[in-house]
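The residues making up each chain are set out below.
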Amino acid sequence: MTHEREITEPVDLCLPNGRLNPAAIGWTRRPLHRANLRGWGRAKRWEYWGIVTPTHIVGLVASALDYAGVHSVYLLDRRTGLERNTEVVVPFARAAALPPRSGAGLVHAAGPGLTIDVDQRPEGSTIRAVAPGVQIDLTVPMPPGHESLGVVVPWSRRRFQYTVKDVGRPVRGTLRVDGTGFPVGAADSFAVLDHGRGKWPYAVRWNWAAGSGAGRAIQLGGRWTDGTGSTENALVVDGRLHKIGAELTWRYDRTDWLRPWHISGPGVDVRFHPFHERRARTNLGVLASETHQCFGHFSGWAATEAGERVDLDGLVGWAEEARNRW
């Protein structure tokens, strides 16, 4: 069990020399860190938005990895299982805009045939994206009192990551696919934000799971935080975040990704039941990644800070394994 410090006041992620600020190590219920990264070569910045609707699953990535920007628009038709994915690699992440604070400022990424724009304001975010055959126009309101999980993971003073995992956000708007419009309603759709800023090791592997439903959401992470004293785990009930300070055990079959997953530990006993596997591979020599992201339903339970077990049956989302050389 970790015993992380809750941070309640704004703080800089880095010291003036670019190393990790010791005062930044901990977790937050709302974004309070300013990612004042300095130096070149190991800095990674990204925004990932995942949106689940009754008809589609959307994944948007805007990223700057110093020597490259990797941006993508992914769309899964839940009725047919058909996928669309447009990915562009922009040398040195030219023209990408990734603000230092989560939830504030304009995010922009563009490449041949693809644009992503996110306007982040205190009342919420608007997301607009265009890719071949796909147009996305969504609003993600910020409900009053809604809490998200911010965590700083300290591998060392030179290698560290700040992440915000914001799960269970309402979303509304329109998806257009080959000219056909699909309405997105806040009553049966949700959005998840993964905001990342840090200085990463060259090779790393992680697990991530996120699921949402009416009044409940779960955020679970693994592998990349092991041994750091920080965890990326939380339960959200009616907008209130309950930090889970345990390192969890992930069990799944790497020869059959669609078999049920089991994520467990103190205060958590979750099963994930996939209905679709997304495989993503990039190999540009020095830059390579492989991700198995499965979409599905959750069952089981997680406990609040008071020890009350919350039923997670019926939550929808994803679980993944990612391996990166970057």
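You'll find the structure just up there.
## Points about the sheet that holds strand E10 (residues 124–131)
In spatial order, the strands read E8-E9-E10-E11-E14-E15; together these 6 strands make up an open sheet with antiparallel pairing. Since the sheet does not close on itself, it has two edges, and those belong to strand E8 (105–111) and strand E15 (180–184), each with one partner. When the angles between neighbouring strand axes are averaged without regard to direction, this sheet yields 10°. Where strand E11 (residues 134–141) lies against strand E14 (residues 172–177), 6 bridges are found, and the strand directions are antiparallel. By the bridge assignment, Ile 136 is partnered in E14 with Leu 175.

## Details of empty space enclosed by the protein
Considering all chains together, one arrives at 1 cavity of 30 Å³ or more under this definition. Around the largest cavity, the lining residues are Gly 221, Gly 222, Thr 225, Asp 226, Thr 231, Glu 232, Asn 233, Ala 246, Glu 247 and Leu 248. Considering only residue class, the lining of the largest cavity consists of 2 nonpolar, 5 polar and 3 charged.

## Describing the pattern of salt bridges
Applying the stated rule across the entire model yields 19 salt bridges. Taking the shortest distance from any N to any O, the salt bridge between Arg 240 and Glu 147 comes out at 3.1 Å. With a gap of 93 residues between them, Arg 240 in strand E20 (residues 240–244) and Glu 147 in the loop between E11 and strand E12 (149–154) connect regions that are remote in the sequence. Given the relative accessible area of 38%, Arg 240 is considered partly exposed. Between Lys 165 and Glu 232 there is a salt bridge; the shortest N-O distance is 2.3 Å. Residue Lys 165 is located in strand E13 (residues 160–170), and its partner Glu 232 is located in the loop between strand E18 (216–222) and strand E19 (233–237); the two are separated by 67 residues in the primary sequence. Comparing Lys 165 with Glu 232, the two get one shared label, buried. Three or more residues joined by partner-sharing salt bridges are found here, namely Glu 6, Arg 29, Glu 147, Arg 240 and Glu 305.

## Re the nonpolar core
In terms of nonpolar packing, the biggest core is built from 33 residues, with Val 192, Trp 200, Trp 206, Trp 208, Leu 287, Trp 318 and Trp 326 touching the most fellow members. Among the secondary structure elements, those contributing two or more residues to this core are strand E4 (43–52), strand E6 (68–77), E12, strand E16 (190–199), strand E17 (203–213), E19 and strand E26 (316–325). Contact partners of Trp 200, with chain neighbours within four places excluded, come to Arg 42, Lys 44, Trp 46, Trp 155, Arg 159, Gln 161, Trp 206, Trp 224 and Trp 326. Membership of the second largest hydrophobic core comes to 31 residues, among which are Val 73, Val 107, Ala 109 and Ala 131.

## Considering the layout of surface pockets
Size it by volume and the largest pocket reaches roughly 790 Å³. Around the largest pocket, the lining comprises 36 residues; the ones closest to its centre are Val 61, Trp 206, Ser 289, Thr 291 and Asn 324. Sorting elements by how many residues they give to the lining of the largest pocket places strand E23 (residues 268–283) first, with 5 residues. Grouping the amino acids of the lining of the largest pocket by side-chain chemistry returns 14 nonpolar, 12 polar and 10 charged.

## Here we look at the packing of aromatic side chains
Applying the stated rule across the entire model yields 20 aromatic pairs. The interplanar angle of 90° and the centroid separation of 6.2 Å between the aromatic rings of Trp 261 and Phe 272 together place this pair among those described as edge-to-face. Of this pair, Trp 261 sits in strand E22 (residues 261–265) while Phe 272 sits in strand E23; the two residues are 11 residues apart in sequence, bridging distant segments of the chain. By relative accessible area, which is 0% here, Trp 261 ends up buried. Among the aromatic residues, ring-to-ring pairing joins Trp 46, Trp 155, Trp 200, Trp 206, Trp 224 and Trp 326 into one connected group.

## Some words on the pairing of E6
By the criterion of burial, E6 is predominantly enclosed, with 10 of the 10 residues buried. The pairing of strand E5 (residues 56–64) with E6 spans 6 bridges and is classified as antiparallel. Opposite Val 61, over in E6, you have Ser 72 as the bridge partner. Counted between consecutive antiparallel strands, the loop separating E5 from E6 contains 3 residues, among which Asp 66 sits at a positive phi close to 70°. Taken together, the 9 bridges between E6 and strand E7 (residues 83–91) define a ladder with antiparallel strand orientation.

## Some details on the side chain of Thr 291
Assignment of secondary structure puts Thr 291 in strand E24 (residues 288–303). Those residues in contact with Thr 291 that lie beyond four places of it in its chain are Arg 278, Arg 279, Ala 280, Glu 320, Glu 321 and Ala 322.

## Overview of unusual backbone geometry
The residue Asp 66 is not glycine, and still its phi comes out positive at about 70°. Accessibility expressed as a relative area gives 9% for Asp 66, which makes it buried. Here the phi dihedral of Ala 93 falls at roughly 55°; this positive angle occurs in a residue that is not glycine. By the element assignment, Ala 93 lies in the loop between E7 and E8. On the accessibility criterion, Ala 93 (9% relative accessible area) is buried.

Reading the values: the criteria
- Residues numbered from 1 in each chain as written.
- Predicted model: local features only at pLDDT ≥ 70, side-chain atom pairs only at ≥ 80, totals over all residues.
- Heavy atoms only, no water.
- Pairing = 2+ DSSP bridges.
- Helix = DSSP H or I, 4+ residues; strand = E, 2+ residues; numbered from the N terminus.
- Axes fitted to C-alpha atoms, helices over the stretch in contact; angles between N-to-C directions.
- 1 Å grid on protein atoms, 1.4 Å probe; cavity = no way out; pocket = protein on both sides within 12 Å on 5 of 7 lines; lining within 4 Å.
- Points joined across faces, edges and corners; volume = space filled by probe spheres on them.
- Nonpolar A, V, L, I, M, F, W, Y, C, P; charged D, E, K, R; others polar.
- Salt bridge = Lys/Arg side-chain N within 4 Å of Asp/Glu carboxyl O.
- Buried < 20%, exposed > 50% of the residue type's maximum accessible area, 1.4 Å probe, protein only.
- Core = buried A, V, L, I, M, F, W, Y, C linked by side-chain atoms within 4.5 Å.
- Contact = heavy atoms within 4.5 Å.
- Phe/Tyr/Trp six-rings, centres within 6.5 Å; stacked < 30°, edge-to-face > 60°.

Just distances and angles here, no functional claims.
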